[in-house]
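Here are the chains, one letter per residue:
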Amino acid sequence: MHKGMIQTVLILVGVMIAVPAVLVSLGHSLFGGSDKGEKTSPPSQVSYGGPDVKVYVTEEKKVLTIPLEQYIRGVVAAEMPADFHMEALKAQSLAARTYMADRMKRGDYSDMKKWGKPGSEAHVTDTVQHQVYLSDKKLKQNWEKKYKEYSDRVTQAVRETEGQIIQYQGEPIYAAFFSTSNGRTENSEDYFEEEYPYLRSVPSPWDKSSPKYEDRVSFTKKDFLNKLVEKTGKQVALSASSGNGWIKVLETTEGGRIGKLQVGDQQLTGRQVREALDLSSSDFSWEIKGDRITLTTRGYGHGVGMSQWGANLLAREGKKAKDIIRYYYRGVEIMPGQYAQSP
């Protein structure tokens, strides 16, 4: 073989060996950050790596400083089943990243004070109060033999949306999400009180296929009332002549959930009753037999923003992540993120 040809072949072989090694290195640096509490910087290879996220791990009572994209991976893995459709996982990645971008832009971490001095130095907890986050160590324990398969899926979803957030009129939105609707999502002000123009009630009838669509729970009348009193602080008195009519709906929301409820001599919101009784949803009906009241709920979660099961079922019908996002968050755009600096 001609000497020049030999040299060319050797160069090509070298490149073929080097490129995979570089790609492996990039993947490791993107999602291989610290779980030991020390600070690690977002890798330079990530175009929109964003700032570090300080997460207060409630079980270990310590703060982890985690590169943004690694944090998003841990949130997506914790908040959505890893075997969901890829487009649903991508939509969840966008929502999770946007939630953090919005929180950092607001810069209000006053709700962290309840976790004491360590917690007050963090941006978020690893709980449902903010976004559930799981470390890679926890994911290995949870997923066991499925770890590689599920890890690869979640990592792909995060990488394919890297740096992108959901914006409304140039600002990151409050990207609320939940598990399963009752057939419609909720207007933000009907549950959270604060009105957001992009968090409007929309039909989500496919959620009826979710295994979490319906639930049933039963209480004695005494336990039912005691839980309401304990949580709300309102003393509920029942009239002896009220029979089974001591509880009735006064208002419903556009999303079909209970807005206001009369219980004895007190008026309560659907949210108050849901939280006091730990119900799956504020869309509930009831049946009273003797001394027991049985409640049937429809949907799972607060109902505002993106339905995760709805997203998965839409994705199975061929919808892309951007279509899912624009359906559940009205009038929004998906754009590269801009983040406030960490304190």
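Residues numbered from 1 in each chain as written. Predicted model: local features only at pLDDT ≥ 70, side-chain atom pairs only at ≥ 80, totals over all residues. Heavy atoms only, no water.

Describing the overall build of the chain
So, step 1. Scanning the chain from terminus to terminus reveals 10 helices and 14 strands.
So, step 2. When burial is assessed residue by residue, the chain has 48% of its 343 residues classed as buried.
So, step 3. Summarising the internal contacts of the chain: among those between residues at least 6 apart in sequence, 67% fall at separations of at least 24.
So, step 4. Of the accessible surface of the chain, which amounts to about 17,200 Å², a share of 50% is contributed by carbon and sulfur atoms. (Helix = DSSP H or I, 4+ residues; strand = E, 2+ residues; numbered from the N terminus. Buried < 20%, exposed > 50% of the residue type's maximum accessible area, 1.4 Å probe, protein only. Contact = heavy atoms within 4.5 Å. Areas by Shrake-Rupley, 256 points an atom, 1.4 Å probe, with all protein chains shown as cover.)

A word on the environment of Lys117
So, step 1. On the secondary structure map, Lys117 appears in helix α4 (residues 116-120).
So, step 2. Here Lys117 falls in the exposed class, since its relative accessible area comes to 61%.
So, step 3. Residues Lys117 and Lys62 lie 55 residues apart in sequence; the distance between their C-alpha atoms is 10.0 Å.
So, step 4. At 2.8 Å, the side chain of Lys117 forms a polar contact with the side chain of Glu121. (Polar contact = N/O pair within 3.5 Å; in protein donor to acceptor, adjacent residues only side chain to side chain.)

Some words on the packing of aromatic side chains
So, step 1. Summed over the entire model, instances satisfying the criterion amount to 16 aromatic pairs.
So, step 2. Arranged with centres 6.3 Å apart and planes meeting at 45 degrees, the rings of Tyr99 and Tyr174 form a pair that is tilted. With Tyr99 in helix α3 (residues 86-106) and Tyr174 in the loop between β5 (171-172) and β6 (177-178), this residue pair connects regions lying 75 residues apart in the sequence.
So, step 3. Classification of Tyr174 as partly exposed rests on a relative accessible area of 22%.
So, step 4. One aromatic cluster in this structure is built from Tyr99, Tyr168, Tyr174, Tyr191, Phe192, Tyr196 and Tyr198.
So, step 5. The lysine or arginine in question, Arg330, covers the ring of Tyr327, its NZ or CZ lying 5.4 Å from the ring centre. (Phe/Tyr/Trp six-rings, centres within 6.5 Å; stacked < 30°, edge-to-face > 60°. Lys NZ or Arg CZ within 6 Å of the ring centre and 35° of its normal.)

Considerations on the sheet that holds strand β7 (residues 214-220)
So, step 1. Pairing in this open sheet of three strands is antiparallel, and the strands run β7-β12-β11 from one edge to the other. Unpaired on one side and paired on the other, β7 and β11 (284-289) mark the two borders of the sheet. Along the sheet, successive strands turn relative to each other by an average axial angle of 20 degrees, direction set aside.
So, step 2. As paired strands, β7 and strand β12 (residues 292-298) are joined by seven bridges and run antiparallel to one another. Counterpart to Val217 in the pairing with β12 is Leu295.
So, step 3. Along the sheet face, helix α7 (residues 221-232) touches β7 and β12 and points at about 100 degrees away from the line of β7. (Pairing = 2+ DSSP bridges. Axes fitted to C-alpha atoms, helices over the stretch in contact; angles between N-to-C directions.)

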